[in-house]
Amino acid sequence: TVELEGDANDYVGKCLSGGTIIVYPPKKAVFKSEENSIIGNVALYGATSGECWFRGVAGERFAVRNSGCTAVVEAVGDHACDPFTSRINDATVDLDTPDEDDLVFIRDRIKKFVQLTGSELGQRILDDWQTEHAKIVKIFPKDYKRVLKEQEEEKKRLAEEKEAADKENGDMEGRPRERALSMDMQIAPTLIHKKKLAAKKKLSISQRKRKLSRNPRPQDIAGFEDEEDVQEAIEDNEEEGAKSDNDEELLSDDEKLYRAPEERLKDWDEVYDFESVRSNIREQAARFD
C-alpha cells in the first residue's frame, strides 16, 4: 500500500498490477478537494489489478487502458476511461441503469473511500443515498457486454450437459460394471518398465561405445580396426535391437508407459542412440595454447 498526503504528478499507478494507492490533500487544507487537482494526467495507464483512491480531481486521460484496477476519484479531466473523447461514444458503449448488485458494490466502494481519504463529497453522497443513487449511470462497453453474455451462455450450456451426463450415469447404476483393475494389475506395467531400465543400465560404457549403426563409417569404428571385431560388434548390435523389438511386442498398449521427464533428461541414449543421429556425429580435436 502506498499512501500519500499531498498531490502527485502524471502517470500515477501506471501499469499497476496489484496493491493499493491512496492519495488525498493535506489534512490542514481548507479548499474543496473535488474542485482541485490531486493527481496528474494519464493515471493508471495500462493497469490490470489493484485499488486506487484519489480524493480530488484527476488530470486528463484518467485510467486509459485500465483493464482490472478498481479506482475511485472525485472528478476527472477530459478523455477519461478510454471510451470517452469529448463526449460519450454511443457506438462503442451503452449507458445503462445500475442494477441492485451494482448499487451495493458502488455504495461499499464509497464507504471505503470515505474511510481511507476522509472525502467530504463521498460522505454527502452516502448521507443522501436515496436521491444520489438515481444519478449514477453505468457505462458499459458493448464488446465487453457481448463477451460476458457469451461466457454466461457457455457456462449454462456446460451445466446442462453435466446435468444430463449425471442423469445418464445415475440410470446406469443398476447395470453391471466392468471389473476394476486390481492393485497388482495396475503396478505390473510399472514393474516391467523398471526391469527393462535396470537391464539397460547393466550395459557397460565400453559396450555402449561398441554399438554401431548397420552402415558404420570409418570414424564410427575407431578402436575396432580388426575386421572380425567390427563384424562382431555389428552383429551384437543387430541382435540386441531384435531383442528390444521383441520385448516391445510382448508389452500391451497399457504397459508402454510414458517416461517421466526427469528420467528422460538423464538418458542421453534417448536422443543419441539412433542411426540417423549417430551417422552425423563427428569427432573434433581441440588445441589449447
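About the cut-offs
- Residues numbered from 1 in each chain as written.
- Predicted model: local features only at pLDDT ≥ 70, side-chain atom pairs only at ≥ 80, totals over all residues.
- Heavy atoms only, no water.
- pLDDT = per-residue confidence, 0-100.
- Contact = heavy atoms within 4.5 Å.
- Core = buried A, V, L, I, M, F, W, Y, C linked by side-chain atoms within 4.5 Å.
- Buried < 20%, exposed > 50% of the residue type's maximum accessible area, 1.4 Å probe, protein only.
- Helix = DSSP H or I, 4+ residues; strand = E, 2+ residues; numbered from the N terminus.
- Phe/Tyr/Trp six-rings, centres within 6.5 Å; stacked < 30°, edge-to-face > 60°.
- Lys NZ or Arg CZ within 6 Å of the ring centre and 35° of its normal.

- If you check an unreviewed UniProt entry, the protein chain appears there as Glutamate synthase alpha subunit C-terminal domain-containing protein from Cylicostephanus goldi.

**Here we look at the confidence of the model for the protein chain**
And step 1. On average, residues of the protein chain score 77 in pLDDT, and 63% of them are at 70 or above.
And step 2. In the predicted structure, residues 178-188 sits below a pLDDT of 50 and forms two contacts with residues beyond four places in sequence or in another chain.
And step 3. Confidence drops under a pLDDT of 50 for residues 202-214, and excluding neighbours within four residues, the segment shows 29 contacts in the predicted structure.

**As for the nonpolar core**
And step 1. Within the largest apolar cluster, 17 residues are counted, with the highest numbers of intra-cluster contacts made by Ile39, Leu44, Phe54 and Phe62.
And step 2. Looking at this core, the elements with two or more residues in it are strand E2 (17-24) and strand E3 (49-57).

**Concerning the packing of aromatic side chains**
And step 1. The full count for this structure, using the stated rule, is three aromatic pairs.
And step 2. Residues Trp53 and Phe113 carry aromatic rings whose centres are separated by 6.4 Å and whose planes lie at 25 degrees to one another, so their mutual orientation is stacked. Note that Trp53 is positioned in strand E3 and Phe113 in helix H1 (residues 100-117), a separation of 60 residues in sequence.
And step 3. Classification of Trp53 by relative accessible area gives buried; the value is 0%.
And step 4. Both rings, one in Phe54 and one in Phe62, keep their centres 6.1 Å apart while their planes meet at 85 degrees; by these two values the pair is edge-to-face.
And step 5. A residue is classified by how much of its surface remains accessible, and Phe54, at 0% relative accessible area, is buried.
And step 6. Taking relative accessible area as the criterion, Phe62 reaches 4% and is therefore assigned buried.
And step 7. Geometry around Tyr11 places Lys14 over its ring, the cationic atom sitting 5.1 Å from the centre.

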